[in-house]
Amino acid sequence: DQQVKQNSPSLSVQEGRISILNCDYTNSMFDYFLWYKKYPAEGPTFLISISSIKDKNEDGRFTVFLNKSAKHLSLHIVPSQPGDSAVYFCAGSNYKLTFGKGTLLTVNP
Amino acid sequence: DTGVSQNPRHKITKRGQNVTFRCDPISEHNRLYWYRQTLGQGPEFLTYFQNEAQLEKSRLLSDRFSAERPKGSFSTLEIQRTEQGDSAMYLCASSLMWQGAGETQYFGPGTRLLVL
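Parameters at a glance
Residues numbered from 1 in each chain as written. Chains lettered and ligands numbered in written order. Predicted model: local features only at pLDDT ≥ 70, side-chain atom pairs only at ≥ 80, totals over all residues. Heavy atoms only, no water. Disulfide = S-S within 2.5 Å. Helix = DSSP H or I, 4+ residues; strand = E, 2+ residues; numbered from the N terminus. Buried < 20%, exposed > 50% of the residue type's maximum accessible area, 1.4 Å probe, protein only. 1 Å grid on protein atoms, 1.4 Å probe; cavity = no way out; pocket = protein on both sides within 12 Å on 5 of 7 lines; lining within 4 Å. Points joined across faces, edges and corners; volume = space filled by probe spheres on them. Nonpolar A, V, L, I, M, F, W, Y, C, P; charged D, E, K, R; others polar. Pairing = 2+ DSSP bridges. Axes fitted to C-alpha atoms, helices over the stretch in contact; angles between N-to-C directions. Patch = residues over 30% accessible without salt bridge, like charges linked within 9 Å, V, L, I, M, F, W, Y side chains within 5 Å. Areas by Shrake-Rupley, 256 points an atom, 1.4 Å probe, with all protein chains shown as cover. Salt bridge = Lys/Arg side-chain N within 4 Å of Asp/Glu carboxyl O.

A. Representation of the state of the cysteines in the model. Overall, the coordinates contain two disulfides over all chains when judged by the stated rule. A sulfur-sulfur distance of 2.0 Å marks the disulfide that ties A:C23 to A:C90. A torsion of -70° about the S-S bond marks the disulfide between A:C23 and A:C90 as left-handed. On the criterion of sequence distance, the pair formed by A:C23 in strand β3 (residues 19-25) and A:C90 in strand β9 (residues 86-94) is long-range, its members being 67 residues apart. The class for A:C90 is buried, based on a relative accessible area of 1%. A sulfur-sulfur separation of 1.8 Å characterises the disulfide bridge that pairs B:C23 with B:C92. Disulfide B:C23-B:C92: the torsion about the S-S bond is -65°, which places it as left-handed.

Set out below in structure tokens:
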């Protein structure tokens, strides 16, 4: 039972454009959602989070949107930069984290 | 650097041997988590501690796995009689949990285990 799904294994965008990464979940008990960025052979790096009682959180170039009725969240990166190229994981939290399988983002110069 | 640290970063062992990994959390973080990540998957929860108490263990954690967090500081994860299926990246994360706030977990660099 995959409680968190990232249906796009990969995404390729041009530098300066918007990157939109999507995530769906089934567990209504998650009270917090987080996005992590991961480079090969390194641990995940925290990017941004959102409480389940909010619908939007913004931090610089990163914005996370939460649609509770659809059980869907998305991460927007504007403008995208080549250094953003990495695997992005969505996670739901009810203390422990449940991760999706990740989306490989490639930002082309 | 006051982030989460893990040692060793890489471990190669033969099937049947015991291995032990160490995690040093961010100081004053009261929660410490262990996750395991295999190729093409997201990290999967193994176990967690609040201070020195181990509060939950995943069904993924067989009897060959044991974790400790003496004195609520660093933690160790031991795997006895390793099997090839134990090959994975073992990740440690720590967080500061207090009432009424969301909990953000910060991860270490991981220990990559290869069982031959």
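B. Just the layout of surface pockets, in detail. Size it by volume and the largest pocket reaches roughly 580 Å³. For the largest pocket, the lining is made up of 21 residues, of which A:D1, A:Q3, A:T98, B:E44 and B:F45 are closest to its centre. Of all the secondary structure elements, the ones that give two or more residues to the lining of the largest pocket are β10 (96-99) of chain A together with β5 (44-50) of chain B. Of the residues forming the lining of the largest pocket, the biggest block, four residues, is contributed by β10(A). Its residues assigned to classes, the lining of the largest pocket shows seven nonpolar, nine polar and five charged. Approximately 330 Å³ is the volume attributed to the second largest pocket. Those elements giving two or more residues to the lining of the second largest pocket turn out to be β9 of chain A together with β9 (88-95) and β11 (111-115) of chain B. At three residues, the largest contribution of residues to the lining of the second largest pocket is made by β9(A). Residues of the lining of the second largest pocket, tallied by class, amount to 11 nonpolar, five polar and three charged.

C. Region of interest: the sheet that holds strand β8 (residues 75-79) of chain B. All names here are of chain B. Strands sit in the order β1-β3-β8-β7 across an open sheet of four strands; the sheet is antiparallel. Because the sheet does not close on itself, it has two edges, and the strands there are β1 (5-7) and β7 (65-68). The average angle at which neighbouring strand axes cross in this sheet is 15°, direction not considered. With three bridges joining them, β1 and strand β3 (residues 19-24) adopt antiparallel strand pairing.

D. Focus on a nonpolar patch on the surface. Residue and element names in this part refer to chain A. On the surface, a nonpolar cluster with roughly 230 Å² of combined accessible area is contributed by I18, I20 and V78. Of note, V78 is situated in the loop between β8 (72-77) and β9. For V78, a relative accessible area of 43% translates into the label partly exposed.

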